[in-house]
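Spelled out from the first residue to the last, the chains are:
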Amino acid sequence: MNALVATNRNFKLAARLLGLDSKLEKSLLIPFREIKVECTIPKDDGTLASFVGFRVQHDNARGPMKGGIRYHPEVDPDEVNALAQLMTWKTAVANIPYGGAKGGIGCNPGDLSRSELERLTRVFTQKIHDLIGIHTDVPAPDMGTGPQTMAWILDEYSKFHGYSPAVVTGKPIDLGGSLGRDAATGRGVLFATEALLNDHGKTIAGHRFAIQGFGNVGSWAAQLIHEKGGKIVAVSDITGAIKNSKGIDIPSLLKHVKETRGVKGFHGGDPIDAKSILVEDCDILIPAALGGVINRENANEIKAKFIIEAANHPTDPEADEILSKKGVVILPDILANSGGVTVSYFEWVQNIQGFMWDEEKVNDELKTYMTKGFKDVKEMCKTHNCDLRMGAFTLGVNRVARATVLRGWEA
Ligand SMILES: NC(=O)C1=CN([C@@H]2O[C@H](COP(=O)(O)OP(=O)(O)OC[C@H]3O[C@@H](n4cnc5c(N)ncnc54)[C@H](O)[C@@H]3O)[C@@H](O)[C@H]2O)C=CC1
Ligand SMILES: O=C(O)CCC(=O)C(=O)O
């Protein structure tokens, strides 16, 4: 299912549960601003190449818009729209003072050299610098981007507006990045998983996990779950997939991935078909790569009892229905992966204050926010007699609707 159709469907279900005014419902759905720019750069061989970049600013009722920038060949306007909307509900679920936005460039970063990526990032920043800002819209990393990308955006933006570290988060530490931001989404996944399992009288230790995606989010989640005694029995990335029913040695896998840039060829497990990762025999499945991967084609085959959505919108609404009938519990993206934007908020606060926190404070505060987010979502589940996805959506949408009305919205 198209990402925007799926996200709109979840929003509308939540709006009905909340009894939202229909005009307010419509207004909350329409993005504040959609930006589309052409980015032409000289390639290293002297030829010119053009890429299309997007930034969708969905809503700013609760504060500056916030969300990552993705470099991926499948980036398209509907997907960026859906991701921007999800950021609005996510920042509200986390109860941090932001709205939602998302950006992306349709490109394969693996096909571009470092200097081509730098030129592309700088041209994109030149095209959008007037529309982002510390108190308007604050980008961050997502798939295919990272601290270096943020450093280039910071540098290019600062040429126009003066030195502005708080204009992006997820920066290198030397440029005002926060300690703990690199691991934050994966660490948040750990805290959210612990809260969910605790609610079911269980702990991480001894449970079998399968993880799709071994980039920033998937690799940190794997490492932290491994340290807590969880058994990672299968892992995949774009290069391939491996399984080991006795548990994969995650520190060795991390070393292998650092050296070879992928899980393929790792000797501590047997190779499997990459798509089968989602239907592997495990207790807990963590999709940490692309959207829409759990759908009506494979939902019936899923063996996990819990799905932790580290990726954004990995589950189609059709799959949601099938999995719910099977009794599978899904911890939704806008709660499960909110650790990244939560520590981005801490980074922004540190930049504005000009005062750096130590890593222990960052991680302690993150745990407090993730645990509170889970508790608040559970309250909404009780109030509306709904599953965790609708609990999270009603929580987020309600907070944004309240802020919108308080700011003077009238039908
Ligand atoms: N980086 C962050 O702070 C946050 C990221 N997310 C979400 O988490 C997901 C992963 O993001 P990152 O880890 O940052 O990206 P990343 O670029 O660091 O890693 C992506 C991983 O997915 C793998 N991958 C790509 N296509 C695949 C496929 N077809 N099958 C299996 N694996 C595939 C890549 O090989 C890589 O291991 C995305 O959905 C992103 O939106 C959500 C919240 C915050
Ligand atoms: O850290 C941020 O500001 C945004 C992270 C993000 O893009 C996401 O949560 O999907």
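Quick note: structure is the one above.
Only a predicted model underlies this, so the values are computations on that prediction, with no experimental measurement involved.

J.: Explain the overall build of the protein to me, please; I cannot follow it from the model alone.
T.: Summing up its helical and strand segments, the protein has 13 helices and twelve strands in all. Its C-alpha atoms give the protein principal-axis dimensions of about 55 × 55 × 40 Å. A buried classification covers 60% of the 411 residues belonging to the protein. Within the protein, residue pairs in contact and separated by at least 24 positions form 67% of the contacts whose partners lie at least 6 positions apart. In the structure as shown, the protein presents an accessible area of about 17,100 Å², 51% of it carried by carbon and sulfur atoms.

J.: Looking at this model, I keep getting lost on the nonpolar core. Mind explaining?
T.: The tendency in soluble globular proteins is for nonpolar side chains to be buried side by side. Counting 80 residues, the largest nonpolar core has Leu-28, Leu-253, Ile-286 and Leu-331 as its most contacted members. Considering every element that reaches this core, the biggest residue donor is helix H13 (residues 388-406), with nine residues.

J.: In this structure, what is going on with unusual backbone geometry? I would like to understand it.
T.: Phi is mostly negative for residues that are not glycine, and the peptide bonds are mostly trans. For Arg-261, which is not glycine, the phi dihedral falls at a positive 70°. Within the secondary structure, Arg-261 is located in the loop between helix H8 (250-260) and strand S9 (270-272). A residue is classified by how much of its surface remains accessible, and Arg-261, at 73% relative accessible area, is exposed. Phi is positive for Asn-385, which is not a glycine, with a value near 50°. Positionally, Asn-385 belongs in the loop between helix H12 (359-384) and H13.

J.: How do you make sense of the site of ligand 1 when you look at a structure like this?
T.: Neighbouring ligand 1 are 22 residues, the closest being Arg-70, Asp-142, Thr-185, Ala-289 and Asn-312. At a separation of 2.9 Å, an oxygen atom of ligand 1 approaches a polar backbone atom of Asn-216. The fraction of the free accessible surface of ligand 1 (830 Å²) that becomes covered by protein chains is 84%. At the level of secondary structure, the elements contributing two or more residues to the shell around ligand 1 comprise helix H6 (181-199), helix H7 (216-227) and strand S7 (231-237).

J.: Explain the sheet that holds strand S6 (residues 208-212) here, please?
T.: Think of a sheet as strands paired side by side through backbone hydrogen bonds, with each pair either parallel or antiparallel. Across the sheet, which stays open at both edges, the seven strands sit in the order S9-S8-S7-S6-S10-S11-S12 with mixed pairing between neighbours. The open sheet is flanked by S9 and strand S12 (329-331), the only strands paired with a single partner. The sheet shows a mean angle of 20° between the axes of neighbouring strands, direction not considered. Looking at chain direction, S6 and S7 are connected through five bridges and run parallel. When the bridges of S7 are listed, Gln-212 appears paired with Ser-236.

J.: Just checking my understanding: could you explain the site of ligand 2 for this structure?
T.: As a structural note, the neighbourhood of ligand 2 is formed by 13 residues, with Lys-66, Gly-68, Lys-90, Lys-102 and Ser-344 the closest of them. Calculation on ligand 2 without its partners gives an accessible area of 300 Å², and the protein chains cover 96% of this total. Those elements giving two or more residues to the shell around ligand 2 turn out to be strand S3 (65-72), helix H3 (77-94) and helix H11 (339-353). Of the residues contributing to the shell around ligand 2, the split by class is three nonpolar, five polar and five charged.

J.: For this particular structure, what's the right way to read the environment of Ala-210?
T.: In this fold, Ala-210 is placed in strand S6. Considered as a pair, Ala-210 and Ala-304 are 94 residues apart in the sequence and their alpha carbons are 8.7 Å apart.

J.: What's the story with the pattern of salt bridges in this structure? I'm lost.
T.: A side chain of one charge can pair with a side chain of the opposite charge when the charged atoms of the two come close. Within the structure shown, the criterion is met by 26 salt bridges. Across the salt bridge formed by Lys-243 and Glu-280, the nearest N and O atoms sit 3.5 Å from each other. With a gap of 37 residues between them, Lys-243 in strand S8 (residues 240-243) and Glu-280 in the loop between S9 and strand S10 (284-287) connect regions that are remote in the sequence. The class for Lys-243 is partly exposed, based on a relative accessible area of 34%.

J.: So what exactly am I meant to see when it comes to the packing of H6 against H7 here?
T.: Packed helices, taken two at a time, are described by their axes: the angle between them and the distance between them. Packing of H6 against H7 leaves a shortest axis separation of 8 Å and a crossing angle of 55°. Of the possible angle classes, the one that applies to H6 and H7 is oblique. Both H6 and H7 take part in a crossing whose hand is right-handed. Residues Asp-182, Ala-183, Thr-185, Gly-186, Arg-187, Val-189 and Leu-190 of H6 lie in contact with H7, whose contacting residues are Asn-216, Val-217, Trp-220, Ala-221, Leu-224 and Ile-225.

J.: Any chance you could explain the environment of Val-233 here in plain terms?
T.: Of note, Val-233 is situated in strand S7. The exposure class assigned to Val-233 is buried, which follows from its relative accessible area of 6%. In the structure, Val-233 is positioned twelve residues away from Ser-245 in sequence and 5.1 Å away in space, judged by C-alpha atoms. When near neighbours in sequence (up to four residues on either side) are disregarded, Val-233 contacts Arg-208, Phe-209, Ile-242, Lys-243, Asn-244, Ser-245, Ile-248, Asp-281 and Cys-282.

Parameters at a glance
- Residues numbered from 1 in each chain as written.
- Chains lettered and ligands numbered in written order.
- Predicted model: local features only at pLDDT ≥ 70, side-chain atom pairs only at ≥ 80, totals over all residues.
- Heavy atoms only, no water.
- Helix = DSSP H or I, 4+ residues; strand = E, 2+ residues; numbered from the N terminus.
- Buried < 20%, exposed > 50% of the residue type's maximum accessible area, 1.4 Å probe, protein only.
- Contact = heavy atoms within 4.5 Å.
- Areas by Shrake-Rupley, 256 points an atom, 1.4 Å probe, with all protein chains shown as cover.
- Core = buried A, V, L, I, M, F, W, Y, C linked by side-chain atoms within 4.5 Å.
- Near = heavy atom within 4 Å.
- Polar contact = N/O pair within 3.5 Å; in protein donor to acceptor, adjacent residues only side chain to side chain.
- Pairing = 2+ DSSP bridges.
- Axes fitted to C-alpha atoms, helices over the stretch in contact; angles between N-to-C directions.
- Nonpolar A, V, L, I, M, F, W, Y, C, P; charged D, E, K, R; others polar.
- Salt bridge = Lys/Arg side-chain N within 4 Å of Asp/Glu carboxyl O.
- Parallel < 35°, antiparallel > 145°, perpendicular 65-115°, else oblique.
- Left-handed = near helix turned anticlockwise from the far one by under 90°.

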